[in-house]
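Chain residues, written in single-letter form:
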Amino acid sequence: MPVCLGGRAALGHDWSGEWTIVKEATATTDGKRETICTRDGCGQKKYETIPATGTPEEPENPNAGALDKDAEVEPDAPISEATLDNTKSEILKESAIFTEEEKQAMESGTDARIWLEVAKTDESSIPADDKEKVTAQAKEVMGDVPSITYFDAELFKQMAGGVKEPLHELDIDIQVTIKIPDDLLNHDNTMVREYKIIRLHYDVTTGESMVDVLYGDLNAATSEFAFKTDKFSTYAIAYSDNRLVSGVTLDKADVSLTKAGETAQLTATVAPADAANKKVTWTSSNPKVAIVDENGKVTAVGSGTCTITATTEDGEKNELALNSGLKVSQIGSKINVTWGKVKDAEGYEVYVQYCGKKFTSKSINSVNSGRVTKIVITKVNGKKLDLKKNFKVYVRAYKKLENGKKVTLGKTITAHIVGRKNTGSTNVKEVKVSKSSYTLKVGKSATIKAKTVLVDKKKKQLSNAHAKQFRYASSNKKVATVSSKGKITAVGKGSCVVYVYARNGYAKKVKVTVK
């Protein structure tokens, strides 16, 4: 029987074997299928995307030829699976990959194919200077010396009866998904592994090498990394590991200050000692009682009590991610809670309790998957919901350590909701701001003016005894900070988003640009 020699013999491959479903398509997620070249000793695999079942079918000319799009992976390639994810419409209508003459031929019934070939890189063929460029670029964006694995990814097209043509540089981005090989996966749940794709491309005209970092999205559940590229040659998977924060402790459990202006110093200790990001942000629950600076120095302002909180920088990012999708709705006798996804989360705990009562272990509703970001609640404290009462909700994202302990990755704000059968109060349905964007110079400030739109204008919303009418957060405090009263202060050049949260968690974004 004839054989393929690494997939490059004139015989080509025999793809007449059966297809195997690798990943089922869902209403919102593409699936994937696989077949293997049937020639003896080859083992090359081909992958095709199965469109999500909820994707509308593209109208097709019944007389037109077929356009096949797929990816081939050689047996010894460090990448085990790959797919080419652009739609046929994007390839034919939004790019010049195929000439007008070729497109007309396809409309008249000629078949065509576009495909990706993934293979092992002969690293000895890469000049030492270019390897140094790749390593330097990876270190620049990832910090410590990262692990680097090279692979080749080449794109081709072919008309039926025509020759195979390489595609080196394109006028559109090609969407590629690769499966991270098992030996590059993170098996230490106290670590977060960050992946990047480094592209080493040689200009077809000058022959000069160019190195670029390609950012993408990792699906931790399937070990798939999706990215976009418009050039095809040599690539590298680079990764670095960062130790997760397992907790923050303060050197004092409580502080008593007897007069305005008196101060006390708090010190935060982040565990473990080798955590990658030990930066913390200090906040006061009531600045009218005490304020705290960026170093943990507490200053008394007025009588009363308040809570000083130290939050890690990673925790802040995760809180923003969680809050970005936080929404509580009521249908019939049920509460629907949704929230934003947190990278590397292995599960979520949704806390629900009636306003005026403390959260307890009975308040917890568990979601044992980092990919699921919604839940339906029918009971509170083990009993049927009473939607004449008001209730409060927050969501906690976690990751498990080897000893089974759950490490908090972040928490949402606590949303206070009016029960839909409450006859005296109503919820916020929208937050409006007088300006949706600000441009400031470093050191300058501006104050957000916000107002709420109520579901029932004849009723009142909840009082400050539940939560403040508005709460604020900045996506990047190195660019701009925001006070508890909505005062934005420009800190450094760049752009960020300030979020304005209503009592029930509904939010409005305000863009801030600092020049």
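Owing to the predicted nature of the structure, the values given are computational and were not obtained by experimental measurement. (Residues numbered from 1 in each chain as written. Predicted model: local features only at pLDDT ≥ 70, side-chain atom pairs only at ≥ 80, totals over all residues. Heavy atoms only, no water.)

(A) Structural context of the sheet that holds strand E20 (residues 297-300). Overall, antiparallel pairing links the three strands, which are arranged E16-E20-E19 in an open sheet. In the strand order of this sheet, the two ends are held by strand E16 (263-265) and strand E19 (290-292), each with one partner. Adjacent strand axes in the sheet meet at a mean angle of 20°, parallel and antiparallel pairs treated alike. (Pairing = 2+ DSSP bridges. Helix = DSSP H or I, 4+ residues; strand = E, 2+ residues; numbered from the N terminus. Axes fitted to C-alpha atoms, helices over the stretch in contact; angles between N-to-C directions.)

(B) Structural context of the nonpolar core. Of all hydrophobic cores here, the largest spans 38 residues; its most connected members are Ile97, Phe98, Ile114, Leu155, Ile174, Ile178 and Ile237. Going through the elements one at a time, strand E4 (67-73), strand E5 (82-84), strand E6 (112-120), strand E7 (147-159), strand E9 (169-179), strand E10 (191-202), strand E13 (224-231) and strand E14 (234-243) are the ones with two or more residues in this core. The element best represented in this core is E9, accounting for five residues. Dropping the residues within four chain positions of it, Ile237 is found in contact with Ile79, Ser147, Ile148, Thr149, Phe151, Ile178, Ile180, Pro181, Leu184, Tyr195, Lys196 and Ile197. Judged by nonpolar contacts, the second largest core, of 32 residues, contains Ile375, Leu385, Phe391 and Ile413. (Core = buried A, V, L, I, M, F, W, Y, C linked by side-chain atoms within 4.5 Å. Buried < 20%, exposed > 50% of the residue type's maximum accessible area, 1.4 Å probe, protein only. Contact = heavy atoms within 4.5 Å.)

(C) Structural view of helix H2 (residues 100-107). Burial in H2 covers these residues: Glu102, Lys103 and Met106. All buried residues of H2 project into a common sector of 100° when viewed along the axis, lining one side. In H2, those exposed residues whose orientation departs by more than 90 degrees from the buried face are Glu100, Glu101 and Gln104. In this structure, the buried residues of H2 make contact with helix H1 (88-93), E6, E7 and strand E8 (165-167). Where H2 ends, the next residue or the one after it, Gly109, has phi of about 115°, a positive value. (Arc of directions from axis to C-beta.)

(D) Structural detail: the environment of Gln353. Secondary-structure assignment places Gln353 in strand E24 (residues 347-354). The class of Gln353 is buried, set by a relative accessible area of 2%. Each C-alpha atom, one on Gln353 and one on Tyr235, is 51 Å from the other, the two residues being 118 residues apart in sequence. Setting aside chain neighbours within four positions, we find Gln353 in contact with Lys358, Phe359, Thr360, Ser363, Val380, Asn381, Phe391 and Lys392. Looking at Gln353, its side chain comes within polar contact range of the main-chain oxygen of Lys358, at 3.1 Å. A polar contact is formed between the side chain of Gln353 and the side chain of Asn381, at a distance of 2.9 Å. (Polar contact = N/O pair within 3.5 Å; in protein donor to acceptor, adjacent residues only side chain to side chain.)

(E) Focus on the sheet that holds strand E26 (residues 374-377). A sheet is described by the order of its strands in space; here three strands give the open sequence E22-E23-E26, paired in antiparallel fashion. Of all the strands in the sheet, the pair left with one neighbour each is strand E22 (327-331) and E26. Neighbour-to-neighbour, the strand axes of the sheet open up by a mean angle of 20°, direction not taken into account. Where strand E23 (residues 334-338) meets E26, four bridges bridge the pair, whose relative direction is antiparallel. When the bridges of E26 are listed, Thr338 appears paired with Lys374.

(F) Representation of the pairing of E22. Only one face of E22 is buried, namely the one carrying Val328 and Gln330, since none of Lys327, Ser329 and Ile331 on the opposite face is buried. Direction of pairing for E22 relative to E23: antiparallel, over a ladder of five bridges. Paired with Val328 across the bridge in E23 is Val337. Counted along the chain from E22 to the antiparallel partner E23, the turn is two residues long, and its residue Gly332 has a positive phi close to 60°.

(G) Summary view of the pattern of salt bridges. By the definition in use, this model includes 23 salt bridges. Taking the shortest distance from any N to any O, the salt bridge between Glu100 and Lys103 comes out at 3.7 Å. With Glu100 and Lys103 both in helix H2 and three residues apart, this pair spans about one turn of that helix. According to the relative accessible area criterion, Glu100 is exposed, its value standing at 53%. The exposure class of Lys103 is buried, given its relative accessible area of 16%. One salt bridge connects Lys157 with Glu102, and the closest N-O pair in it is separated by 2.9 Å. Taken as a pair, Lys157 in strand E7 and Glu102 in helix H2 lie far apart in primary sequence, 55 residues in all. Grouping residues by exposure puts Lys157 and Glu102 together as buried. Because the salt bridges share partners, they merge into one network encompassing Lys23, Lys32, Glu81, Lys179 and Glu224. (Salt bridge = Lys/Arg side-chain N within 4 Å of Asp/Glu carboxyl O.)

(H) Quick peek at the confidence of the model for the protein. The pLDDT averaged across the protein works out to 89; a share of 96% of its residues lies at or above 70. Overall, residues 5-10 carries pLDDT values under 50, and its contacts beyond four positions in sequence, including any with other chains, amount to seven contacts. (pLDDT = per-residue confidence, 0-100.)

(I) Up close: a positive patch on the surface. Among the surface-exposed residues, Lys357, Lys362, Lys383 and Lys389 lie close enough to one another that they form a single positively charged patch. By secondary structure assignment, the location of Lys389 is in the loop between strand E28 (383-384) and strand E29 (391-400). (Patch = residues over 30% accessible without salt bridge, like charges linked within 9 Å, V, L, I, M, F, W, Y side chains within 5 Å. Areas by Shrake-Rupley, 256 points an atom, 1.4 Å probe, with all protein chains shown as cover. Lys, Arg positive; Asp, Glu negative; His and termini not counted. Charge placed at Lys NZ, Arg CZ, Asp CG, Glu CD.)

(J) Structural view of helix H3 (residues 128-142). Taking 1.5 Å of rise per residue, 15 residues should cover 21 Å, and H3 covers 21 Å from first to last C-alpha, within 8% of that figure. Asp130, Val134, Ala138 and Met142 are the residues of H3 that are buried. End-on view of H3: buried residues confined to an arc of 90°, all on one side of the axis. Away from its buried face by more than 90 degrees, H3 exposes Ala128, Asp129, Glu132 and Glu140. Looking at the buried residues of H3, the elements they touch are E7, E10, strand E11 (209-214) and E14. At the exit of H3 stands Gly143, carrying a positive phi of roughly 85°. (Expected span 1.5 Å × (residues − 1).)

(K) Quick look at the packing of aromatic side chains. Enumeration according to the criterion identifies 10 aromatic pairs in this entry. Judged by centre distance (5.7 Å) and plane angle (20°), the ring pair of Phe151 and Tyr235 falls under stacked. Of this pair, Phe151 sits in strand E7 while Tyr235 is found in strand E14, placing the two residues 84 residues apart along the sequence. Accessibility assignment for this pair places Phe151 and Tyr235 in one class, buried. Three or more aromatic residues joined by ring pairs make a cluster, and in this case those are Phe151, Phe225, Phe227 and Tyr235. Taking the ring centre of Phe156 as reference, the NZ or CZ of Lys164 above it sits at 4.3 Å. For the cation-ring pair, Lys406 lies above Tyr398, with the distance from its terminal atom to the ring centre recorded as 4.5 Å. (Phe/Tyr/Trp six-rings, centres within 6.5 Å; stacked < 30°, edge-to-face > 60°. Lys NZ or Arg CZ within 6 Å of the ring centre and 35° of its normal.)

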